[in-house]
Amino acid sequence: AQSVTQLGSHVSVSEGALVLLRCNYSSSVPPYLFWYVQYPNQGLQLLLKYTSAATLVKGINGFEAEFKKSETIFHLTKPSAHMSDAAEYFCAVSQSAGTALIFGKGTTLSVSS
Amino acid sequence: DVKVTQSSRYLVKRTGEKVFLECVQDMDHENMFWYRQDPGLGLRLIYFSYDVKMKEKGDIPEGYSVSREKKERFSLILESASTNQTSMYLCASSYDHDRQNTEAFFGQGTRLTVV
């Protein structure tokens, strides 16, 4: 069985500060891992994905994540937060390409000036 | 540009009504999914389909059914709407077993209120 745990339902940072959103996963098979972002009243947009190629994955808007199999983590980072990064972020896992995603409960990122 | 279109952004229905939520994708994806999103609970899988006329229950199928008569369309049906089904509903689609294109694409969501 697969599961995802996002540590921290709310994260607040100052503009220009490091963003770190935490995701722990469990999977009985090599996983496919994703980060999605949701802006208010919109659907989900893919930020980045890990599909067993490079362990350091770069996504859109300056975000990146590193797949660490031994620690079963897939944390999302961005060196310098912008006000426009304020949104809800979801980590997700699937057991094979294209199959149903299992989501974490989400982390709301607030960015203050 | 890839697109998943949900027929309504906002819906208000009465308790006991039969409700249809429609989703259409134009990417020729084999797989389609329905999720509901509630504050603090994230997205939970209701039903999914990996082929036309095929359906599988997700984690919370009670009170829902689905229909997939054509590849591009996946409908979610609330047989008798109840207030605890007030939620945001998100449809998604994906390719089947394509290791280069593994992600799901989401519609804009339908915010359903049952009164």
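Up top you'll find the structure we're talking about.
The rules behind the values
Residues numbered from 1 in each chain as written. Chains lettered and ligands numbered in written order. Predicted model: local features only at pLDDT ≥ 70, side-chain atom pairs only at ≥ 80, totals over all residues. Heavy atoms only, no water. Helix = DSSP H or I, 4+ residues; strand = E, 2+ residues; numbered from the N terminus. Rg over C-alpha atoms; globule rule 2.2 N^0.38 Å. Buried < 20%, exposed > 50% of the residue type's maximum accessible area, 1.4 Å probe, protein only. Core = buried A, V, L, I, M, F, W, Y, C linked by side-chain atoms within 4.5 Å. Contact = heavy atoms within 4.5 Å. Pairing = 2+ DSSP bridges. Axes fitted to C-alpha atoms, helices over the stretch in contact; angles between N-to-C directions. Phe/Tyr/Trp six-rings, centres within 6.5 Å; stacked < 30°, edge-to-face > 60°. Polar contact = N/O pair within 3.5 Å; in protein donor to acceptor, adjacent residues only side chain to side chain. Buried area = accessible area lost by both parts, 1.4 Å probe. Salt bridge = Lys/Arg side-chain N within 4 Å of Asp/Glu carboxyl O.

1. Observations concerning the overall build of chain B
(1) Moving on: Each helix and strand in chain B was counted, giving zero helices and twelve strands.
(2) Moving on: In summary, chain B has a C-alpha radius of gyration of 14 Å against a globular reference of 13 Å for 115 residues, a match within 12%.
(3) Moving on: Expressed along its principal axes, the backbone C-alpha trace of chain B runs to roughly 45 × 30 × 25 Å.
(4) Moving on: Considering chain B as a whole, with its 115 residues, one finds that 48% of them fall into the buried category.

2. Here's the deal with the nonpolar core
Nonpolar side chains tend toward joint burial in soluble globular proteins.
(1) Moving on: Counting residues in each nonpolar core, the largest one holds 26 residues, and the members touching the most others are Trp35, Leu48 and Tyr89 of chain A.
(2) Moving on: At the level of secondary structure, the elements contributing two or more residues to this core comprise β2 (10-14), β3 (19-26), β4 (32-38), β5 (44-50), β9 (87-94) and β11 (107-112) of chain A.
(3) Moving on: The contacts of Tyr89 of chain A, once residues within four sequence positions are left out, are Gln6, Leu21, Trp35, Tyr36, Val37, Leu47, Phe63, Leu76, Gly106, Thr107 and Leu109 of chain A.
(4) Moving on: Core analysis: the second largest hydrophobic core is formed by 21 residues, Val19, Ile46, Tyr47 and Leu78 of chain B among them.

3. Let's talk about the sheet that holds strand β7 (residues 64-66) of chain A
Residue and element names in this part refer to chain A.
(1) Moving on: Strand order in the open sheet formed by five strands is β1-β3-β8-β7-β6, with antiparallel pairing between adjacent strands. Of all strands in the sheet, those with a lone pairing partner are β1 (3-7) and β6 (56-58), marking the two edges. Averaged over all adjacent pairs, the angle separating strand axes in this sheet is 25°, with direction ignored.
(2) Moving on: Bridge count between β3 and strand β8 (residues 76-78): three bridges; the pairing is antiparallel. Paired with Val19 across the two strands is Lys78, which belongs to β8.

4. Some points on the packing of aromatic side chains
(1) Moving on: In the structure shown here, the tally under the stated rule is 16 aromatic pairs over all chains.
(2) Moving on: On the basis of an interplanar angle of 75° and a centroid distance of 6.0 Å, the ring pair of Phe103 of chain A and Phe106 of chain B is categorised as edge-to-face. Taken as a pair, Phe103 of chain A in strand β10 (residues 102-103) and Phe106 of chain B in strand β11 (residues 105-106) lie in two separate chains rather than in one.
(3) Moving on: A residue is classified by how much of its surface remains accessible, and Phe103 of chain A, at 8% relative accessible area, is buried.
(4) Moving on: Relative accessible area serves as the criterion here: at 10%, Phe106 of chain B is assigned to the buried category.
(5) Moving on: The structure contains a cluster of three or more aromatic residues connected by ring pairs, namely Phe34, Tyr36, Phe90 and Phe103 of chain A together with Phe33, Tyr35, Phe48, Tyr50 and Phe106 of chain B.

5. Concerning the side chain of Ser49 of chain B
All names here are of chain B.
(1) Moving on: Topologically, Ser49 is positioned in strand β6 (residues 42-49).
(2) Moving on: Overall, the relative accessible area of 0% leaves Ser49 in the buried class.
(3) Moving on: From its side chain, Ser49 meets the backbone oxygen of Met54 in a polar contact 2.7 Å long.
(4) Moving on: A distance of 3.0 Å separates polar atoms of two side chains, one belonging to Ser49 and the other to Arg68.
(5) Moving on: Apart from residues no more than four positions distant in its own chain, Ser49 is found in contact with Glu30, Asn31, Met32, Met54, Lys55, Arg68 and Phe74.

6. Remarks on the interface of chain B and chain A
(1) Moving on: If you look at the interface, chain B gives 29 residues, while chain A gives 24 residues.
(2) Moving on: Note on chain B versus chain A: buried area summed over both sides is about 2,000 Å², and carbon and sulfur give 50% of it.
(3) Moving on: For the pair chain B and chain A, the number of links is one salt bridge.
(4) Moving on: The interface formed by chain B and chain A holds nine residue pairs in polar contact (both at pLDDT 80 or more) in total.
(5) Moving on: Those elements that place two or more of their residues in the side of chain B that touches chain A are β5 (31-38), β6 and β10 (87-94) of chain B.

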